[in-house]
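# Reading the structure
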Amino acid sequence: MGESRYPLLNWPLMHNNILREDLDALIRYLQQPDPMLTQSTQVRAFEEEWSRWLGVKYSVFVNSGSSANLITLCALRELRGLGEVIVPTLTWVSDIASVLQAGFTPVFVDIDPQTLGMNVDQVLGKITNQTKAVFLTHILGYNAVNQKLLDGLRARNIPLIEDVCESHGATFQGRKCGTLGWCSNFSFYYAHHMSTVEGGMVCTDDPALYQTLRMFRSHGMVREADDAKVKAEWAGRYPDLNPDFIFAYPSYNVRSTEINAVLGRSQLPRLDANNQLRTRNLEAFLSGLDGSKFRTDFAVEGSSNYAFTLVIRDADPDYRDRVQAAMREAKVEHRRGTSGGGNELRQPYLRRLYPDEYRKYPEIDHIHFYGYYIGNYPTLDRIRIHDLTKFLNEI
Ligand SMILES: Cc1ncc(COP(=O)(O)O)c(C=O)c1O
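In this text, all values refer to a predicted model and were calculated from it rather than measured experimentally.

Time to look at the environment of lysine 176. Structurally, lysine 176 can be placed in strand E7 (residues 175-176). Distance from lysine 176 to asparagine 143, taken between C-alpha atoms, is 9.3 Å for residues 33 residues apart in sequence. Ignoring anything within four residues of it in the chain, the contact list for lysine 176 reads Trp53, Leu54, Ala170 and Thr171.

In C-alpha cells, the structure reads:
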C-alpha cells in the first residue's frame with residue numbers, strides 16, 4: 001500500500017453520551033427489589049425535569065423523535081383539522097413522513113444558507129387559507145427562528161411547531177428553541193446532545209394539546225389523559241363504554257420505559273455544560289476553516305451544535321470528491337447532505353408524489369451535494385480541532 005498523504009485523524013461522528021455514571025444510576029435503579037420497568041414515575045419525573053429545563057408547562061416522553069413528530073401531527077389534525085403544513089426541504093425523513101401519515105399536504109420551502117433552516121420569506125409567502133401549521137426544523141444546533149417569522153405567524157394565527165431534535169439548548173434572543181411556538185419535538189437518539197438509547201419528547205404550554213398527546217402516546221386511550229374533566233367529558237359522551245377502554249383516536253403505542261427515563265434523568269444535569277463545550281468547539285472549527293474554500297458565515301448566535309457543518313463554498317464536483325476522499329483516508333467520519341442526507345425532495349418516497357419539485361430549491365441542492373457534517377463532542381480540545389481544520393484547509 002502507498003503512503004497516505006493525510007494524517008490519520010480517527011474522528012468518529014459521535015462519542016457515546018451515556019457515561020459509566022449513567023449506567024451505574026440505572027444499575028442502582030434495577031437493584032431495587034422489584035423495579036418498575038414500564039412507563040411510570042421515572043418517566044413522569046423525567047418529563048417534569050425536562051419541562052423545567054426547557055421552560056414549558058408540559059412534556060410527553062415517547063420512544064423516539066420520529067414518534068414525537070408523528071403524534072404531534074396527529075394531534076394537530078384532531079385539534080385543527082386537515083390542510084397544508086409548510087415544511088423544510090432540509091430536515092429528517094420523519095418530519096415529512098409524519099405530515100403525510102397524518103393526512104396533511106406538505107408545502108416545501110428552500111433553506112436559508114446561514115441558518116440551514118427554512119427561508120422565512122418563502123414560509124410567509126406560502127401561507128394560504130389552507131395552512132394549518134409551519135413545521136420548522138432547527139438544523140444541527142443553529143436557531144432557525146427570527147422575529148419576522150414569529151410576528152408573521154402570530155398575525156395570521158398559524159401555529160409554529162419546532163423540531164429541536166438536533167438543537168437541544170439552542171436559543172433565539174435568550175429564549176430556548178422549543179419554547180417559541182405552539183409545541184416542540186426533541187430526540188434522545190445516540191447521535192444527539194444526550195441519549196436515552198432511543199427516546200423523544202413533545203413539549204407545549206397548551207393544556208388541550210398536552211391531553212391529546214398523552215392519549216396519542218398510548219393507543220388513543222382516554223384514561224391516559226391526566227385531567228379529570230377531559231376524562232369525564234369523554235365518558236359522558238359515550239356512556240355505553242367502560243371508561244377504562246375509550247379509544248378516542250386511531251392511534252399507536254409510542255411509549256418509552258422507566259429504563260430510558262432513568263438514563264435521561266441521569267444525563268440532564270450535564271447537558272448545559274456539555275452544550276457550552278460544543279459551542280466553544282464550533283467557534284474554533286469555523287474560525288479555523290479557510291473561508292475561501294468553505295462556508296464559515298453561519299448564524300452561530302444562540303447555537304448549540306453537536307456536529308460541525310462543513311459546506312464547500314463553490315459548486316466544484318472535483319474538489320468535493322477530493323475533500324470526501326481525503327476525509328475517508330484520514331478516517332474523519334462524515335455525512336454528506338447534512339441532516340437527513342440533503343434535499344428531502346430528491347428521496348424516492350417524495351419523488352413518487354412530487355416528481356419534479358426537487359429542482360426548485362437551489363440552496364438546499366448546494367447542501368445536498370457540497371455540505372457535510374462531522375462529529376462535535378464535549379471531549380474535543382483546541383489542538384484536535386486545529387488539526388482537523390488544518391487538514392481540511394490543505395486539501
Ligand atoms: C430533525 C430531526 N427530527 C427527527 C428525528 C428523529 O429522531 P429519532 O431518531 O429519535 O427517531 C431526527 C433524528 O435524527 C432529526 O434529526
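That covers the picture; the talk isn't over yet.
Okay, the site of the ligand next. Close to the ligand lie 15 residues; Gly65, Ser66, Asp163, Glu166 and Ser187 are nearest. Note that a nitrogen atom of the ligand is positioned 3.1 Å from one of the side-chain N or O atoms of aspartate 95. Contact between the ligand and glutamate 166: an oxygen atom at 2.6 Å from a side-chain N or O atom of the residue. Considered on its own, the ligand offers 380 Å² of accessible surface; in the complex 92% of this is hidden by protein. A per-element tally of the shell around the ligand places helix H3 (residues 65-80) first, with 3 residues. Considering only residue class, the shell around the ligand consists of 3 nonpolar, 9 polar and 3 charged.

Counting residues in hydrophobic clusters, the biggest one holds 81 residues, and the most contacted among them are Leu310, Leu388, Phe391 and Leu392. Counting residues per element, this core draws most heavily on H3, which supplies 7 residues. Residues Ala144, Leu149, Leu180 and Leu271 belong to the second largest nonpolar core, which totals 37 residues.

The rules we used
- Residues numbered from 1 in each chain as written.
- Predicted model: local features only at pLDDT ≥ 70, side-chain atom pairs only at ≥ 80, totals over all residues.
- Heavy atoms only, no water.
- Helix = DSSP H or I, 4+ residues; strand = E, 2+ residues; numbered from the N terminus.
- Contact = heavy atoms within 4.5 Å.
- Near = heavy atom within 4 Å.
- Polar contact = N/O pair within 3.5 Å; in protein donor to acceptor, adjacent residues only side chain to side chain.
- Areas by Shrake-Rupley, 256 points an atom, 1.4 Å probe, with all protein chains shown as cover.
- Nonpolar A, V, L, I, M, F, W, Y, C, P; charged D, E, K, R; others polar.
- Core = buried A, V, L, I, M, F, W, Y, C linked by side-chain atoms within 4.5 Å.
- Buried < 20%, exposed > 50% of the residue type's maximum accessible area, 1.4 Å probe, protein only.

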